[in-house]
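For reference, the chains in residue letters:
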Amino acid sequence: MCKLCGFADHGHIVAPCPKCHVPQSELFSDKSLQDGIPFTSCVLSIFVDVSISGYPARDGERHRQLCYQYAALKTTKAREEFFKRHGVRWTEFARLKYFDLIRYTVIDPMHNLLLGVAKTQWYTQWIQTKTLRADTGLYHRELSFIHKFLASYEAPQWAGHLPLRVGEPAGGSLSADEYKFAVTGPWAIIVSPLNSRTLIPIVWERFLEEANQDYAKAKQNYNKIGRAKGESKPFPRMVEGEDENFLRFATALKIIVGRSIRLEKLPRIKSLLHKYLTTFSEIYGSSEMKPNHHWAVHVPDQLVDFGPVYNFWAFFTERLNKLLKNINSNNWTGGELEVSMMREFHRNGAVDSAVSPMIYLNCSNKYSQACRSYIKFFLRAKDHAHLSWKQNLFSSWLKEIPTQQCLERFRTLPNTVVCGIRIA
Ligand SMILES: [Zn+2]
């Protein structure tokens, strides 16, 4: 989206953010993560004070002017220099007078908060650094402690679920939906019956002292031998306050991903995010921060512009990506791919249109016609094995009509093989 609207990427020295004028060197400073400069915005006739990061907002009209200035340059060298100075390139969207290039460039909450901030906290800071460790043969450690709690946690199916071995290679990498469920659900709301703390704080309460002892020993060894050998300096496996900080993010996320949201909640989200991000920087260092941490401060303002995240996050388009990805392309490349995908798309469409009326219509006279068109399609396709994945669809159709009636119809077509079932 950044490139589409003429912006530079996050590595640009002058303009790494499409929303504000923060330079690369200040991307994770306290000023860039803070509540920022308030200005009044009128959305749906509701006047609210919204704010961006501590740096001034970029202006849509100014960005459009820069786009036209870039397009007017004649040489590649001049354009490269202009891009270095302003972080702006030409975009065709600049022709649309109604299109505010700054405001309509969306920082996607799915990638930014779930696959960005949440993943960095869980996977980069806790799993990769072995803050949360898997069991050894002799000792139960942090992850098995979490697994034990998760095993007793029940959630409605629509809320989501986590792999049984979350955090271990056997659990695989978590999807955006699983991060949403984990951060706003079990990790933050499972409460121990022995105390009133929730799951992540319970883990810290149980293992922090052991981690501190390990760190003290490692420091002693480093001072005695390690330093002389040139070994790297030890760092604490767990730090006091990480759990509390995680709960700040979980609370902010819980409000942000709500299906409805009250504008009065925005200051609360901003202050939680600000506290979480600055504490993250204090605990792990600014070198551990990612561009997503800065971009997250702009998400609350998008809620004012576009409403709840369900209106504009990328789950819809990701679903379409999956659909396209699963269309068989026979590994074609170089111009053949499109034809192959189109053929597969057409074939799927033909199967669906033949099967759908059979699923939803129990009318016997239409049944006969639909059944024949289905069989004809299979005979024409001549690659029954390839279409065996339709078996589930076909099975659901069989459930909708009396089996005996179905088999009688198929008997009229000798030696027909449908979804691997030979009808005698
Ligand atoms: Zn910014």
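Residues numbered from 1 in each chain as written. Predicted model: local features only at pLDDT ≥ 70, side-chain atom pairs only at ≥ 80, totals over all residues.

1. Section: the overall build of the protein
This is how it is decided: Counting from the N terminus, the helices are DSSP H or I runs at least four residues long and the strands are E runs at least two residues long. Neighbour counting defines burial: a residue surrounded by 20 or more other C-beta atoms within 10 Å of its own C-beta is buried, one with 12 or fewer is exposed, and intermediate counts give partly exposed, using backbone-placed C-beta atoms.
When helices and strands are tallied, the protein shows 17 helices and four strands. Of all 424 residues assigned to the protein, the portion counted as buried reaches 27%.

2. Re the nonpolar core
Selection criterion: In this usage, the nonpolar core is the set of buried Ala, Val, Leu, Ile, Met, Phe, Trp, Tyr and Cys residues whose C-beta atoms join them within 7 Å. Any residue pair is listed as a contact if its two C-beta atoms, each placed from the backbone, are within 7 Å.
Formed by 65 residues in total, the largest nonpolar core has its most connected members in Leu113, Val183, Ala252 and Leu273. Of the residues forming this core, the biggest block, eight residues, is contributed by helix H4 (residues 109-127). The residues contacting Leu113, other than those within four sequence positions of it, are Ala118, Leu253, Ile256, Ala296 and Val299.

3. Points about unusual backbone geometry
One non-glycine residue with positive phi stands out, namely Lys130, at about 60°. The topology assignment puts Lys130 in the loop between H4 and helix H5 (142-151).

4. A few points about helix H8 (residues 199-229)
So the rule is basically this: Note on bend: the value at a residue is the angle between axes fitted to the seven residues ending there and to the seven starting there.
Where H8 bends most, at Tyr222, the angle is about 55°. The complete set of buried residues in H8 reads Leu199, Ile200, Pro201, Val203 and Trp204. In this structure, the buried side of H8 is in contact with H5, helix H7 (186-189) and helix H9 (242-256). Immediately beyond the C-terminal end of H8, within one or two residues, lies Gly230, with a positive phi of roughly 80°.

5. A short note on the confidence of the model for the protein
Put simply, the test is: Summary of the metric used: pLDDT quantifies the predictor's per-residue confidence within the range 0 to 100.
In the predicted model, the protein carries a mean pLDDT of 80, and the fraction of residues at 70 or more is 76%. Taken as a whole, residues 359-364 scores under 50 in pLDDT and shows seven contacts with residues more than four places along the chain or in a different chain.

6. Points about the packing of H4 against H9
The line we're drawing: Here, axes are lines fitted to C-alpha atoms. For helices the fit covers the stretch in contact, and angles between N-to-C directions go from 0 to 180 degrees. Every angle not falling under 35 degrees, over 145, or within 65 to 115 is termed oblique; those three ranges are roughly parallel, roughly antiparallel and roughly perpendicular. Should the near helix be turned anticlockwise from the far one by less than a right angle, the crossing is termed left-handed; should it be turned clockwise, right-handed. Polar here means any residue outside two lists: the nonpolar Ala, Val, Leu, Ile, Met, Phe, Trp, Tyr, Cys and Pro, and the charged Asp, Glu, Lys and Arg; Gly therefore counts as polar.
With their axes 12 Å apart at the nearest point, H4 and H9 run at an angle of 165° to one another. Classified by the angle between their axes, H4 and H9 sit roughly antiparallel to one another. Relative to H9, the crossing made by H4 is left-handed. Packed against H4, whose contacting residues are Pro109, Leu113, Val117 and Gln121, the element H9 presents Phe246, Phe249, Leu253 and Ile256 at the interface. Broken down by class, the residue content of the contact of H4 with H9 amounts to seven nonpolar, one polar and no charged.

7. A look at helix H2 (residues 60-72)
Short version of the rule: Helix span, expected: 1.5 Å multiplied by one less than the number of residues in the helix. This arc describes the spread of directions from the helix axis toward the C-beta atoms.
Between its first and last C-alpha, H2 extends 19 Å over 13 residues, near the 18 Å set by a 1.5 Å rise per residue. Among all positions in H2, only His63, Arg64, Leu66 and Cys67 are buried. Along H2, the residues classed as buried sweep out an arc of 160° about the axis, all on the same side. Those residues of H2 that are exposed and aimed more than 90 degrees away from the buried face are Glu61, Tyr68 and Ala72. Summarising the contacts, the buried residues of H2 are in contact with helix H3 (76-86).

8. Re the environment of Leu66
Along the chain, Leu66 turns up in helix H2. Each C-alpha atom of the pair Leu66 and Arg89 lies 7.8 Å from the other, and the pair is 23 residues apart in sequence. Leu66 has contacts with His86 and Val88, leaving out every residue within four places of it along the chain.

9. A few points about the packing of H4 against helix H6 (residues 176-184)
Contact geometry of H4 with H6 gives a least axis separation of 9 Å together with a crossing angle of 65°. In this structure, the crossing between H4 and H6 has a hand that is left-handed. From H4, Met110, Leu114, Leu115, Ala118 and Lys119 reach across to H6, where they touch Ala176, Tyr179, Lys180 and Val183. Class assignment of the residues belonging to the contact of H4 with H6 gives a composition of seven nonpolar, no polar and two charged.

10. Side note on the environment of Phe207
Among the structural elements, Phe207 can be located in helix H8. Residue Phe207 is classed as partly exposed on the basis of its 19 C-beta neighbours within 10 Å. Filtering out sequence-adjacent residues up to four positions away, Phe207 remains in contact with Glu142 and Met238.

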